[in-house]
Every structure is written in C-alpha cells, then in structure tokens.
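Here are the chains, one letter per residue:
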2 protein chains.
Amino acid sequence: MDKPPVPVTARCPVRTALELLGGKWKLLILYQLEQSPARLSALKARIPDISEKMLIQELKVMVDSGLVHRKNFGEVPPRVEYRLTEKGRLAMPVIAACRAFGQAYVRGLRE
Amino acid sequence: MDKPPVPVTARCPVRTALELLGGKWKLLILYQLEQSPARLSALKARIPDISEKMLIQELKVMVDSGLVHRKNFGEVPPRVEYRLTEKGRLAMPVIAACRAFGQAYVRGLRE
C-alpha cells in the first residue's frame, strides 16, 4: 500500500536546502572549499567554467547565509580568503549523495 | 594538512546530478512520486505553488532522462499517470540528505 502522500508545505526542509544550495554552482563551490580554504583566483581555477562575476555573486550569497566565511587579512594589496563554516560543512552529505547518484546514473546508462 | 584540491572537471558526477536534479522543483516532484504514483492534478495539489506549465515541463524533462515513467492508459477521457523509475529512486538519498541539511540548518538558526 502506498504511503499517504505528504504535501510539500512552503517550509519543508527539502525546500530550505534547495533555496540555500540550489543552482548550478553552490555545491561545486562548497565542495572545493571543503578541500581547502581558497582565494577567489584559486576557486576560479578549480571551477574553470564559472564566470568571476557569478563566483563572486554565489560566494556573497553563501557568506550571507552563513555557509561560507570570508576572511579579509587587511593587507595591501588586499588578501581575502574563503573557507567553509560549520553550517557549510552540513552540506557535505548532500554533495556525497549527489556524487553517488551521478555515478550510479552514468553506470546505469552503460548497462 | 588540507587535501590537494580536486578541480571540478566537466564530467564530474556532482555536476551530472545537478544537471539531472537541479532547479527548484525536480526533487520535490520526485519526492512526491516516491510516496505514490500520481496523475498531474494530484501532483499539482501536493506541490501547491508550482504552475501547471512548469510541472508539465519538469515531468517531461525527467521522463526524457529516465527518472520518471509516464503511463498513458489509452482511455477516453485520457488518463495519464506518472511514477518513479528505478533510476528515479536513485535520487532518494539526495532528497534525504537535503532534508537532513535543511533541518540541521534551521536548528542552527534557533541555537
């Protein structure tokens, strides 16, 4: 017997996740920052096809939502580094689940 | 010591997942179909704020990518039902991870 369906209310946690992590780039950026803190240029090099404008925009959104910490070293020339916060680290299981899904889906295509 | 960063190549499984599951609605639709197969009207009722046009569009994309099966009963008036495929079921851990993230994030806000 199928489970009684649960309507997706506005405040369902899956939606919260989609709002905070959604889009083409956020999970990829978080994944890179989980590897190590990085400056903008290093992040740009690791995600070759993101524009600098988009990278700056997505980082700002994630700093505002508390997933990423922006550290300004107050030096001249300016040195700024981005790192994952504890909240940002909460997204790692989502990335792992996405990776497993992507691998299984592609494997399924080959079968 | 931080792990050496792994550049995100075009064909990384996380990207594959983002392409197949990305956007505001796909995971919510898959989540509903995991509860039970459904007709368009029933899905629309369970995801109140999606437009019918968007629902039809997202269902078509997921039928094309093999995540959803569209069954036409060949009746008059027409009766069409959508159900999760085995490939579609592969996305359930992503939904579970998103739910856990959303819950933990909101809990973190309250602390």
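What you see is a predicted model; the values in this text were computed from it and never measured. (Residues numbered from 1 in each chain as written. Chains lettered and ligands numbered in written order. Predicted model: local features only at pLDDT ≥ 70, side-chain atom pairs only at ≥ 80, totals over all residues. Heavy atoms only, no water.)

Enquirer: What exactly am I supposed to notice about the UniProt feature "domain: HTH hxlR-type" (unreviewed entry) in chain A here?
Expert: Those residues carrying the UniProt feature "domain: HTH hxlR-type" (unreviewed entry) are residues 12-110 of chain A in this numbering. Annotation note: span residues 12-110 of chain A, helix share 63%, strand share 10%, distance between end C-alpha atoms 35 Å. (UniProt positions renumbered as here; feature names shortened; annotations may be inferred. Helix = DSSP H or I, 4+ residues; strand = E, 2+ residues; numbered from the N terminus.)

Enquirer: What am I meant to see in the nonpolar core here?
Expert: Generally speaking, a soluble globular protein has its nonpolar side chains buried in company with each other. Formed by 67 residues in total, the largest nonpolar core has its most connected members in Ile29 and Leu30 of chain A together with Ile29 and Leu30 of chain B. If sequence neighbours within four positions are ignored, Ile29 of chain B has contacts with Leu43, Ile47, Ile50, Leu55, Glu58, Leu59 and Met62 of chain B. (Core = buried A, V, L, I, M, F, W, Y, C linked by side-chain atoms within 4.5 Å. Buried < 20%, exposed > 50% of the residue type's maximum accessible area, 1.4 Å probe, protein only. Contact = heavy atoms within 4.5 Å.)

Enquirer: Just checking my understanding: could you explain the environment of Glu75 of chain B for this structure?
Expert: Within the secondary structure, Glu75 of chain B sits in the loop between strand E1 (68-72) and strand E2 (80-84). Sequence separation between Glu75 of chain B and Leu40 of chain B is 35 residues; the distance between their C-alpha atoms is 16 Å.

Enquirer: Where do I start with the packing of aromatic side chains in this structure?
Expert: Think of a pair of aromatic rings as described by two things: how far the centres are apart, and how the planes are tilted against each other in angle. Throughout the structure, instances matching the rule amount to two aromatic pairs over all chains. In this structure, Arg79 of chain A packs its charged tip against the face of Phe73 of chain A, placed 3.8 Å from the ring centre. We note Lys87 of chain A situated over the ring of Tyr105 of chain B; from NZ or CZ to the ring centre the distance is 5.0 Å. (Phe/Tyr/Trp six-rings, centres within 6.5 Å; stacked < 30°, edge-to-face > 60°. Lys NZ or Arg CZ within 6 Å of the ring centre and 35° of its normal.)

Enquirer: Where do I start with helix H2 (residues 26-35) of chain A in this structure?
Expert: For the α-helix, the turn length of 3.6 residues means that residues three or four positions removed from each other point alike. When you tally the buried positions in H2 of chain A, you get nine out of ten residues, the bulk of the element. Every buried residue of H2 of chain A is accounted for by Lys26, Leu27, Leu28, Ile29, Leu30, Tyr31, Gln32, Leu33 and Gln35 of chain A.

Enquirer: What is the right way to read the packing of helix H2 (residues 26-35) of chain B against helix H4 (residues 52-64) of chain B from this model?
Expert: Describing two packed helices takes the angle between their axes plus the distance from one axis to the other. Residue and element names in this part refer to chain B. It is at 10 Å that the axes of H2 and H4 come closest, and there the two elements cross at 75°. On the basis of the axis angle, H2 is roughly perpendicular to H4. In contact with Lys26, Ile29, Leu30 and Leu33 of H2, H4 contributes Leu55, Glu58, Leu59, Val61 and Met62. Its residues assigned to classes, the contact of H2 with H4 comprises seven nonpolar, no polar and two charged. (Axes fitted to C-alpha atoms, helices over the stretch in contact; angles between N-to-C directions. Parallel < 35°, antiparallel > 145°, perpendicular 65-115°, else oblique. Nonpolar A, V, L, I, M, F, W, Y, C, P; charged D, E, K, R; others polar.)

Enquirer: For this particular structure, what's the right way to read the state of the cysteines?
Expert: Covalent bonding between the sulfur atoms of two cysteines is what defines a disulfide. Overall, the coordinates contain zero disulfides over all chains when judged by the stated rule. In this model Cys98 of chain A remains outside any disulfide bridge; the closest cysteine sulfur is found in Cys98 of chain B, 6.5 Å from its own. What makes Cys98 of chain A buried here is its relative accessible area of 5%. Here Cys12 of chain B is not disulfide-linked; the sulfur of Cys98 of chain A is the nearest cysteine sulfur, at 9.6 Å. A relative accessible area of 12% places Cys12 of chain B in the buried class. (Disulfide = S-S within 2.5 Å.)

Enquirer: Just checking my understanding: could you explain the pattern of salt bridges for this structure?
Expert: Any two side chains of opposite charge can pair if their charged atoms end up close together. Residues and elements named next belong to chain A. As enumerated under the stated definition, the model contains twelve salt bridges over all chains in all. Between Glu58 and Lys26 there is a salt bridge whose closest N-O contact spans 3.5 Å. One end of the pair, Glu58, is in helix H4 (residues 52-64); the other, Lys26, is in helix H2, with 32 residues separating them in the sequence. For the residue pair Glu58 and Lys26, the accessibility class agrees, reading buried in each case. (Salt bridge = Lys/Arg side-chain N within 4 Å of Asp/Glu carboxyl O.)

Enquirer: Would you mind showing me how to read the relation of the copies chain A and chain B here?
Expert: For the pair of chain copies, the relating operation is a rotation around an axis with a shift along it. Here chain A sits on chain B after a turn of 180° about the axis and a move of 0.0 Å along it, with an RMSD of 0.0 Å. Between the two chains, the operation in question is that of a two-fold axis. When the interface residues of chain A are mapped onto chain B, 100% of them again lie at the interface, so the same face is used by both copies. (Least-squares fit on C-alpha atoms with pLDDT ≥ 70 in both.)

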